[in-house]
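Residue-level structural notes
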Amino acid sequence: ENYFKSLGESSGVALAGGRYTSAKALVQRRLPFLECYSLGQVCHILQLAISQRKLLGYFNGGIVPYEQSTSMLKNNCAQQKQPLVASLVSATLENPVQVQLADWGTAQQTLREIMDSAALRGSDQVPLPNI
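Residues numbered from 1 in each chain as written. Predicted model: local features only at pLDDT ≥ 70, side-chain atom pairs only at ≥ 80, totals over all residues. Heavy atoms only, no water.

A closer look at the nonpolar core
Within soluble globular proteins, side chains that are nonpolar generally end up buried alongside one another. If you look at the biggest cluster of nonpolar residues, it comprises 14 residues, and the most contacted ones within it are Leu 26, Leu 56 and Ile 63. Breaking this core down by element, the ones donating at least two residues are α2 (19-28), α3 (39-51) and β2 (56-59). If one sorts the elements of this core by residue count, α3 sits on top with five residues. (Core = buried A, V, L, I, M, F, W, Y, C linked by side-chain atoms within 4.5 Å. Buried < 20%, exposed > 50% of the residue type's maximum accessible area, 1.4 Å probe, protein only. Helix = DSSP H or I, 4+ residues; strand = E, 2+ residues; numbered from the N terminus.)

Looking at the side chain of Ser 69
On the secondary structure map, Ser 69 appears in the loop between β3 (62-65) and α4 (70-79). Of note is the side chain of Ser 69, whose polar atom sits 2.7 Å from the backbone oxygen of Tyr 66. Residues in contact with Ser 69, not counting those within four places in the same chain, are Gly 57, Tyr 58, Phe 59 and Val 64. (Polar contact = N/O pair within 3.5 Å; in protein donor to acceptor, adjacent residues only side chain to side chain. Contact = heavy atoms within 4.5 Å.)

Describing the confidence of the model for the protein chain
Of the residues in the protein chain, 73% have a pLDDT of 70 or more, and the chain-wide mean is 78. When the elements of the protein chain are averaged for pLDDT, helix α1 (residues 2-6) gives the smallest value, 67, and α3 the largest, 93. The low-confidence segment residues 87-93, where pLDDT is below 50, has 13 contacts with residues more than four positions distant or belonging to other chains. (pLDDT = per-residue confidence, 0-100.)

Shown next, in the form of structure tokens:
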């Protein structure tokens, strides 16, 4: 639990990618408390840390401590009956940004920009929560 809470202290994104990619990274770190677990079990541990324990969450395609995640912001917005924000980086609960509806052309262009951004980071994949 303490390890997961400290993940984002030195960088903006603690574990790049989704659960599987993050689980692979954790296994490669050879952490003593995860040594006896298989890759699948570590992936399941991450899922539990995200969905049940709320120790971790997603932010900009990576897994970070829950307090730094969009998951927490979404939960806080829901609890306060605030609209979901479009720009989670610059928005706050006091100053939410309304989500705009897009036509197909805008949706295609935005998806193209998301994929181009991933390619610039050296990735050929984009986690589904980022779309």
